[in-house]
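Overview (structure and organization)
In case you want the letters, here they are:
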Amino acid sequence: MNDGANILNSQLNQKSILKVAGAFDAMSAKLVELSGFDAIWAGSFAISATHALPDASILTMTEFLSVASNMTDACSIPVIADCDTGFGGPSNVSHMVKKYESAGVAAVSIEDKIFPKQNSLLENGNQQLLSEKDFVAKLIAAKNAKVNENFMIIARVEALIAGLGVDEALKRANAYKKAGADAILIHSKSKTPDEIFEFCDLWDGDIPIIAIPTSYPNVTIDELEKHKIRIAIYANQSLRVAHLAMKEHLEQLSKAKSLSQIKSNMTTMEEIFKLQEMYEIKKQETDIEKNLKKLGYIN
Ligand code: SPV
Ligand code: MG
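All residue numbers here refer to positions counted from 1 along the written sequence of the relevant chain. Naming scheme: in the order in which they are written, chains are lettered from A and ligands are numbered from 1. Only residues with pLDDT of at least 70 are given local features in this predicted model, and only at 80 or more are side-chain atom pairs given and counted; all residues enter the totals for whole chains, interfaces and linings. Side-chain numbers come from the whole structure's heavy atoms, not from hydrogens or water.

1. Quick look at the site of ligand 1
We call a residue near a given molecule or strand whenever any one of its heavy atoms falls within 4 Å of it. With respect to spatial proximity, the complete set of residues near ligand 1 consists of Trp41, Gly43, Ser44, Phe45, Asp82, Asn119, Ser120, Leu121, Arg156, His187, Ile212 and Ala235. Here a polar contact is taken to be a pair of N or O atoms separated by no more than 3.5 Å, where protein atoms must pair a possible hydrogen donor with a possible acceptor and residues adjacent in sequence count only if both atoms sit in side chains. Interatomic distance of 2.8 Å between a backbone N/O atom of Phe45 and an oxygen atom of ligand 1. For ligand 1, an oxygen atom lies 2.9 Å from a polar atom in the side chain of Asp82. Every accessible area reported is derived by Shrake-Rupley at a probe size of 1.4 Å, with residue values counting cover from the shown protein chains alone. Here ligand 1 loses 99% of its free accessible area of 290 Å² to cover by the protein chains. Under the convention adopted here, Pro, Cys and the residues Ala, Val, Leu, Ile, Met, Phe, Trp and Tyr are nonpolar, Asp, Glu, Lys and Arg are charged, and Gly plus all remaining residues are polar. Residues of the shell around ligand 1, tallied by class, amount to 5 nonpolar, 5 polar and 2 charged.

Take a look at the structure:
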């Protein structure tokens, strides 16, 4: 069982800022782990994309959970699951928290938008917020449903995404903290980190702040750290890099007469054998054979 919630808690106690990278399946999650990140972000944008579906509350909770659960099975670093709006009202959130916690996920993030939500960075997307009271009700349900104190309920504030300004974001973040949220994810679609920094500088709460610097990529990890951000999530770049590599390769291959004409950068099969622990099977076979010999089934 992945002990993610406890690991994430101790990482937060030991480090001033954690670096988290997005993944969309067990293989990409394993690569995040092998590259030395603190945790994995199971993002709704990337997971929806791997189903060739919009990031618009189309996949069900069970489908998202199945991906996150494959990640916790394959990895030992924490998995932070993007659970959109919590898949419904407080009762759905309660059920969701139980299922994700028992799957070994370390933290779930729920955002204060109405269901069905649309991706926060979508140009002219529908970013209507849920009332503060209705979102607080979901947080209460989430808090009541969790078992391990270290399992994190992340309240994602979308006020800046909705264009409502830093004051509304702070008001909501304070209400969510009071309702029992374990961390605040403050999201922004601004090209600079200014509004995020303003939020952080005015925030006097004692729970961690999380940021996703997709739209303001020039910000450095040191600047985020200086503004009290405790977790930086590089949410969708792994997906976009994988998409481009595959697209370019397939475009070449479709026109080529032989594989030798392809100039794609390709990993060796050996690397994949290592990632999928193919050699463990060989070890298991040797061990079974030894035991069969001992039991007199073979010579
Ligand atoms: C995701 O990665 O699914 C996120 C971050 O929620 S964003 O795409 O910026 O909304
Ligand atoms: Mg998402």
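2. Side note on the coordination of the magnesium ion (ligand 2)
With water excluded from the atoms, a metal site may look incomplete; its donors are any N, O or S atoms within 2.8 Å, or within 3.2 Å for Na, K and Ca. Looking at the metal site, the magnesium ion (ligand 2) is ligated by Ser44 (OG) and Asp82 (OD), spaced 2.0 to 2.2 Å from it. Remark: Asp82 occurs in strand S3 (residues 79-82) and Ser44 occurs in helix H3 (residues 44-50); sequence separation between them is 38 residues. Each member of the pair Ser44 and Asp82 is classed as buried. Runs of H or I in DSSP of at least four residues are treated as helices and runs of E of at least two as strands, each being numbered from the N terminus. The classification of residues rests on relative accessible area computed with a 1.4 Å probe and restricted to protein chains. Under 20% of the type maximum is buried, over 50% is exposed, and intermediate values are partly exposed.

3. What to know about the state of the cysteines
Disulfides are defined as pairs of cysteine sulfur atoms found within 2.5 Å of each other. Per the counting criterion, the structure on display carries 0 disulfides. There is no disulfide at Cys83, and the cysteine sulfur nearest it, in Cys75, is 17 Å away.

4. A look at the pairing of strand S6 (residues 183-186)
Looking down a regular strand, the side chains alternate between one sheet face and the other. Neither face of S6 is left uncovered, since the one carrying Ala183 and Leu185 and the one carrying Ile184 and Ile186 both have all their residues buried. With strands facing away from the observer, any crossover in which the path from the first strand over the helix to the second runs clockwise is taken as right-handed. One crossover worth recording links strand S5 (residues 152-157) to the parallel S6 by way of helix H7 (residues 165-178), and it is right-handed. At this point the chain moves from S6, through helix H8 (residues 194-202), to the parallel strand S7 (residues 209-211), and the crossover so formed is right-handed.

5. Focus: the packing of aromatic side chains
Aromatic rings from Phe, Tyr and Trp, with only the six-membered ring used for Trp, were paired whenever their centres fell within 6.5 Å, and each pair was classed as stacked if the ring planes differed by under 30 degrees, edge-to-face if by over 60, and tilted otherwise. Overall, the coordinates contain 4 aromatic pairs when judged by the stated rule. Aromatic side chains Phe273 and Tyr279 sit 6.3 Å apart centroid to centroid with 75 degrees between the ring planes, which places their arrangement in the edge-to-face category. Taking the relative accessible area as the measure of exposure, Phe273 reaches 26% and is therefore partly exposed.

6. Some points on a negative patch on the surface
Patch membership needs two things, relative accessible area over 30% and no salt bridge, and members are linked within 9 Å if like-charged or within 5 Å if nonpolar (Val, Leu, Ile, Met, Phe, Trp, Tyr). Salt-bridge detection follows one rule: a side-chain nitrogen of Lys or Arg within 4 Å of a carboxyl oxygen of Asp or Glu. Under this rule, positive means Lys or Arg and negative means Asp or Glu; His and the chain ends count for nothing. Throughout, a charge is located at the NZ atom of Lys, the CZ atom of Arg, the CG atom of Asp or the CD atom of Glu. Taken together, the side chains of Asp167, Asp194, Glu198 and Asp201 present a region of like negative charge at the surface. Relative to the helices and strands, Asp201 is located in helix H8.

7. Some points on the domain arrangement of the protein
Residue ranges labeled as domains rest on an automatic or database domain assignment. Structurally, the protein comprises domain 1 (4-235) and domain 2 (267-299). One C-alpha centre belongs to domain 1, the other to domain 2, and the line joining them spans 40 Å.

8. A short note on the sheet that holds strand S8 (residues 229-234)
Between any two strands, at least two bridges found by DSSP are needed for them to pair. Strand order in the closed barrel made by the 8 strands is S1-S2-S3-S4-S5-S6-S7-S8, with parallel pairing throughout. Each strand axis lies, on average, 25 degrees off the axis of its neighbour in the sheet, ignoring direction. The pairing of strand S1 (residues 18-23) with strand S2 (residues 39-42) spans 4 bridges and is parallel. Across the sheet, the residue bridging to Val20 is Ala39, located in S2. Sheet strands in contact with H8 are S6, S7 and S8, and its direction is about 155 degrees off that of S6. Only the stretch in contact is used when fitting a helix axis, every axis being a line fitted to C-alpha atoms; angles between N-to-C directions are given from 0 to 180 degrees. Whether two residues are in contact is decided by their heavy atoms, any of which lying within 4.5 Å being enough.

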